[in-house]
Structure formats: structure tokens, C-alpha cells
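One letter stands for each residue in the lines below.
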Amino acid sequence: MERSPSDAGLRAGTGLRPGVSKARRQAWRRLFPAGRPDPLEKLSPERRAEARGVAETVLKAHRGYRAAFDALTDKARATFENRAWIQGALDAEQRVRLYRAAVDETWHKIERQFPGRLLDGAFWMATRHAFLKRVFEDYDTDLALTFFYSTMRIAFDARDAPVEYDDDGLAGLLPVGDPHPIFQLYPAGPRRLARSVAGVLESCAFRAPFADLERDAALAAARLVEEWRRQVGPALPRDLQMLKPVFYRDREAYLVGKLRSPAGALPVVFALQHEPSGITVDAVLAGKEDMRNILFVSTRSTFHVSTGDYREVLSFLDTLAPERGHPAMCAVIGFTHPARVALNQRLRSHLRDTGERFTPAPGRVGMAMIVFSPPSFPYVFKVVRDFSTKQGWTGRGPIMDIYRWVHEMNRGRLMLDAWLYRNLHFPREAFDEAVLEELLRSAPNSVRLDGATVVLKHVYAQRRIEPLSTFFEGTGDRVLRERAADALGTFLKDLAGMGFFLGDHYGLTSNTGLTHARNVALFDFDDLGFLVRYRFRETPPLADERDELLWDTETDGAWFSVEENDVLVDEWERFLGVPADLRDYFREKHGDLFTLPYWEDAQRRVKAGEWYRVLPYPADRRLL
């Protein structure tokens, strides 16, 4: 086909290879507009060579990081097949740490190569220009640029200078060439669905056998038909569209897709477990609410998904649970830093489009954090206080260490993730005056005012959920209140089973909240610790029972000593924050929490290395 003169001229002037998409040609014109001076040409020949050298060093580091990330991602399949759960957990934690380690190492390398020359904004803009030209036609241009900005951010961190969390619009580019097909279609007629589900399972080609593939396929197909009729209607489904990549997380594998017809579509997921007897389809999730509230959540570890077509996979996932938003979807497949970019863009658009300002978040005022957000935004923002009257307060450093620890761990659907941003800048008018005053007074090491600009040196973003205390205060429905109380007890037991404990249970209901799935999750982590560090006790009796009537603890003090990590289990009921009208119900469901044997047994199991499974979906989603 004859090419237009304009296309030929574009390629001649840019070096773009033939066949690039229209979106990329437009992006090139936007990033490298004709007639604008090349930032590299403004530098001396020596400095120009250095800028190109920095660009090459960052690009090499990014490619090394991606190779290590992909290698750990690929290992998840063998982990599932071999039931190598401990190694899988170690790999998952290592993968989370890769990005920061790679960025730090890259910064130290270029700092050694070019000492004293890395605080010049013009130099970095020229370096960015050289970097963009090197990666522009790569499929992962947006990921590469995010890595570049992360490295550049370290250079200007000491100055509190903003390096925007941005991808210069490259995340939305169409692929360089034709993408590989990322899904497979199967017939879904009433007589063929079970056979199609069996085909989906067989296509995984695991090196471990299914315990009973035909049985599981029949059960899963029956559940799909049931959910289709309930959520879509009587019209029969036409086909089953399944993503080819398998999603691995913790000890499960998930097969993700849609059941479709002209009448609508139903997101579907098969959750696989690998038991000693073989692989089974343990559960079926169906519908956007299951995707939003159970599968794609920030209270669990990220998925390991081996794919070279992440853009297309993300586009598919966005249709399964649009309410979660694109930032959340980036994060659930392990791209946490691109997720931060997407969330930052969404936040700024929200402020611009709604005219809202940062106001105090609902709930109790935190002793460790100042929490604020635009009222209708789905995330809240948290800054660590420099000063606090909280008992045992040791400053902001240990709190930030705990938040990083939680970000890297397996959160088992019990804890919300939090993303750290550095040096975000906002106009002063974006803040409610009370919020700004509190930030400047209580967190001067993290917040400062630079003229009409508020500089947030360190700030966390976290998904918004309703504090449990707020829920209890505002909800009168007895059934809902009992469910929340039961969920609180289950949360404490699951937390203990995973080997964790909250050292300060005063105000527990103010530090936990209800997710959309009505689970209880922790969003403040400053009192989180290892279960084995604590000594569980019962309140010792007075030496003489007659003294009980005469002893006044307020004037006479305690008649026994209590160490910092001692826990009096029989005293808990008064301090957990369970409303008075629910205490009998709570004790009926979870009264063992107030007994010494329960905690001694929990500690014994943790020390013995026994695995505790937090069920990742409601029991009624299971097939057997």
C-alpha cells in the first residue's frame, strides 16, 4: 500500500519504524513537537554524553528489574504444581521488594558515575528526552518511564521538589504490533458448558493431576448456570470467554473470564486449590460484585500473572470490576508503581472536576496519622504525625517501617494496603483550612507550605472503608450489627492464625473497618506485632478474697505487675469496642477469645509452623 507523504515525512523525521499505530504517531508529535528545541542540544557535548549515559544506565536497570520480576512471576506456576508454599511466599515478598531495590541501586550507580551533577533540572529533562526516544517503540514504554521518574525522584527528594507521578499519557497507547490473543472462546450452550469448563481446566496443562476433573467441571458448570439465571436472566449464554494467563496468589490459582450472550455478560472465576489428592476447583466466583469485593481487593497479596500483553489483560480486567478503578487493577497484577501514577492522575482529575477539597476523613481522630480526603473520593490520604501523646510513641520512622512491612507481606484479606507517595504538590486552596493547620502543626517533617503550594513530602494513599465504630454508631439493623460483630471476632482469630496480634485493643473498632464484602480489615498498623512476642495471662486473684471488697485499684493501684507485652485475656471484653447490646452475642460466637487456652494454642501452632488458611472467599462460593 502506498504511504502518505505525511507518514513518510514523520518517519523520516522521527525514526519511527513503519507500521506504528496512529496513537503512537500522535504521542510522538505531542512529546517531541516539531520546531521545539531538543533539550539535549542545550547541553555541552560533554554533558550531552552524560545525559545519554544516565538514560542508558536507567534503561538497563529497568530491563534488569523487569527480567527479575518476570522470573519470579513465572515461578508461581511451579510453586502451585509442586505445592511449594513456603518458597512461594518468599518469592512473593521478594517480588514486592524488587522495584525499590532496583531504583535505589540505579540511583547509587549513576551518583557514583556522575557525582555532583544530578541536581540540575535541565540535565534531567535532557536525560528524559534521550530515554524516551530509546524506549518509545517498546511495548512497556509506560513502565520504563515510571521507573525513570522513580529514579529521578530520588535526585530531588532532599529538595522536596516535585517529580510528578506520571506516565506522560503512554499507558493508554495501543500496542506496537498485533497483540497475541489473550483469551480463548468456548461454547456455552446448556449441553456443552460442562465440556467447555473441562476444556478450560485441561488448557492449563498443569504438571500435577486434577483430583476429579469431570466432577469439578460439572459442578462448576451447574454453578455458572445458576448464577447466570440469577444475575443475567433466562436467556441462555452463548460462549465462555476465558483469559489464557492463569492468576496465582498465595496457595490458589484463578482462571478468569466471562460468560456471554447478546443479553449481557457475567464475569466468572474458577478458584483452584492443590491438595495432596490433586488439583480441585474449590470455588466459583461470579458477577461484578464478586470481582470487586472478593477477588480484586487491596487486602490481599498481588497476583502473579505471566503475560507479555499486560495492557490487554488490564483492559479486560477493567471490564470485570469497573468500580475498582484502573489503579487498583494495575496493583493487583503487581504493577504497584504504575498504580500510583494512575491514582495520582485520577485524584487530580477528581479535584478539578468536582471542586472538592481535602477534608477530615470520618471516624476517630488518629493518634499516629492525620487522615484526609476529598469527601467523595474512594481513597483516603494519611500523613504520619511527628508528635503524639500515644503511649510508647517512638516517632514517625518506626510507623513508616511498619507500613512498608505490611505492604510487602501476605495480608490475607485482613489488612488494607497503603501506597507511599513522595513530594506531592497541591495548591493551598485544595485543602480545608482545618486540615492544613493540623498537618503543618503536627507533621512538619512531612508537610510544609511553599507560598501558595502545599508540599506533602511523605503521604500514604489507602482505600476508603467505613470504620467499624462509625458503622456501629450509625446502624440500627440488628442483623447487620451481629454480622459485623461476628466478622470482628473472625478477624481477630484469622489474624492470630497468621501469627499476628494487635498490642493495643483500646479503640480496635476505630482502627478496623468493614469492606464491601462485609469483612473486617485493619487500616492502622502501628500496634501490629508478632503473636509470639506476647505473654497471655489471666488476672490473678487477690491473696485474700475478703480484700476484693476493700481494694480500690484507683487509689491502691494494681495488686500485680504487668509487663509491656502482657495481655490479660479476661479483661478484653471491656476494651474491644463491641457495643453493649452485642456483647452477649459476641461472647456466644467468640467467647474463646477471652480464655487463656485459646491463645496458648494459637501461639503453639505458630511456633510449630502450622499453616493457617484464611478463606479467601465466602464459604457459600465453594463447590464441595
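This text goes with the structure placed above it.
Thresholds, definitions, all that
- Residues numbered from 1 in each chain as written.
- Predicted model: local features only at pLDDT ≥ 70, side-chain atom pairs only at ≥ 80, totals over all residues.
- Heavy atoms only, no water.
- Helix = DSSP H or I, 4+ residues; strand = E, 2+ residues; numbered from the N terminus.
- Contact = heavy atoms within 4.5 Å.
- Areas by Shrake-Rupley, 256 points an atom, 1.4 Å probe, with all protein chains shown as cover.
- Axes fitted to C-alpha atoms, helices over the stretch in contact; angles between N-to-C directions.
- Parallel < 35°, antiparallel > 145°, perpendicular 65-115°, else oblique.
- Left-handed = near helix turned anticlockwise from the far one by under 90°.
- Buried < 20%, exposed > 50% of the residue type's maximum accessible area, 1.4 Å probe, protein only.
- Pairing = 2+ DSSP bridges.
- Phe/Tyr/Trp six-rings, centres within 6.5 Å; stacked < 30°, edge-to-face > 60°.
- Lys NZ or Arg CZ within 6 Å of the ring centre and 35° of its normal.
- Nonpolar A, V, L, I, M, F, W, Y, C, P; charged D, E, K, R; others polar.
- Polar contact = N/O pair within 3.5 Å; in protein donor to acceptor, adjacent residues only side chain to side chain.
- Salt bridge = Lys/Arg side-chain N within 4 Å of Asp/Glu carboxyl O.

(A) Spotlight on the overall build of the protein chain. The helix and strand inventory of the protein chain stands at 20 helices and 20 strands. Along the first, second and third principal axes, the C-alpha set of the protein chain runs to 100 × 70 × 45 Å. Sequence-distant contacts, at least 24 apart, represent 71% of the contacts inside the protein chain between residues at least 6 apart. If you sum the accessible surface of the protein chain, you get close to 28500 Å²; carbon and sulfur atoms cover 52% of it.

(B) Looking closely at the packing of helix α16 (residues 478-497) against helix α19 (residues 583-590). Taken N-terminus to C-terminus, the directions of α16 and α19 make an angle of 45°; their axes are 10 Å apart at the nearest point. On the basis of the axis angle, α16 is oblique to α19. You can see that α16 and α19 cross each other, and the crossing is right-handed. On α19, the residues touching R478, E482, A485, D486, L488, G489, T490 and K493 of α16 are Y585, F586, K589 and H590.

(C) Structural context of the pairing of strand β9 (residues 369-373). In terms of burial, β9 is a largely internal element, 4 of the 5 residues being buried. As paired strands, strand β8 (residues 359-360) and β9 are joined by 2 bridges and run antiparallel to one another. Paired with P360 across the two strands is F372, which belongs to β9. Where β9 meets strand β10 (residues 379-384), 4 bridges bridge the pair, whose relative direction is antiparallel. Among the inter-strand pairings, V371 is bridged to a residue of β10, identified as K382. The turn linking β9 back onto β10 is made up of 5 residues.

(D) Representation of the sheet that holds strand β17 (residues 520-522). What the 3 strands build is an open sheet, ordered β14-β16-β17; its pairing is antiparallel. Strands with a single pairing partner mark the edges of an open sheet, and in this sheet they are β14 (466-467) and β17. Here 3 bridges tie strand β16 (residues 512-514) to β17, and the two strands are oriented antiparallel to one another. Note that in β17 the partner of G513 across the bridge is A521.

(E) Representation of the packing of aromatic side chains. In total, this model carries 42 aromatic pairs according to the counting rule given. Pairing W124 with F148 gives two aromatic rings, centres 5.7 Å apart and planes at 65°, and the pair type is edge-to-face. A residue pair is termed long-range when its members are at least 10 positions apart, and W124 in helix α5 (residues 121-135) and F148 in helix α6 (residues 141-157) qualify at 24 residues. A connected cluster of aromatic rings, assembled from ring pairs, spans F358, F372, F377, Y379, F381, W419, F426 and F431. The cationic tip of R249 hangs over the ring face of F303; the distance from NZ or CZ to the ring centre is 4.0 Å. Lying across the ring of F426, R348 places its NZ or CZ 4.3 Å from the centre.

(F) Region of interest: the side chain of T151. By secondary structure assignment, the location of T151 is in helix α6. Given a relative accessible area of 0%, T151 falls into the buried group. Non-local contacts of T151, meaning those with residues more than four positions away in its chain, are made with V58, V103, T106, W107 and I110.

(G) Spotlight on the pairing of strand β13 (residues 453-463). Extensive coverage of β13 is indicated by the burial of 10 of its 11 residues. Looking at chain direction, β10 and β13 are connected through 4 bridges and run antiparallel. Across the sheet, residue V380 finds its bridge partner in β13, namely Q462. Relative to β13, strand β11 (residues 418-427) runs antiparallel, the two sharing 9 bridges. Across the sheet, the residue bridging to L424 is L456, located in β13.

(H) Just the packing of helix α3 (residues 45-82) against α6, in detail. In the contact formed by α3 and α6, the axes pass within 10 Å of each other and the chain directions differ by 120°. Judged by the angle between their axes, α3 and α6 are oblique. The hand of the α3/α6 crossing is right-handed. Where α3 abuts α6, its residues V58, A61, H62, Y65 and R66 lie against L143, A144, F147, F148 and T151. Partitioned by chemical class, the residues of the contact of α3 with α6 number 7 nonpolar, 2 polar and 1 charged.

(I) Inspection of the environment of H590 at higher detail. Of note, H590 is situated in helix α19. Residues H590 and P262, 328 residues apart in the sequence, show an inter-C-alpha distance of 48 Å. Apart from residues no more than four positions distant in its own chain, H590 is found in contact with A485, D486, G489, T490 and K493. At 3.0 Å, the side chain of H590 forms a polar contact with the side chain of K493.

(J) Local environment of the pattern of salt bridges. Counted by the stated rule, this structure contains 53 salt bridges. The shortest N-O distance in the salt bridge between R300 and D250 comes to 2.6 Å. Of the two residues, R300 sits in the loop between α9 (288-295) and β7 (304-305) while D250 sits in the loop between β3 (247-249) and β4 (252-261), which places them 50 residues apart along the sequence. R574 is the partner of E571 in a salt bridge, and the nearest nitrogen-oxygen pair spans 2.1 Å. Here the salt bridges share partners, and the residues they tie into one network are E93, R97, R404 and E408.

So yeah, pure geometry; function would need other evidence.
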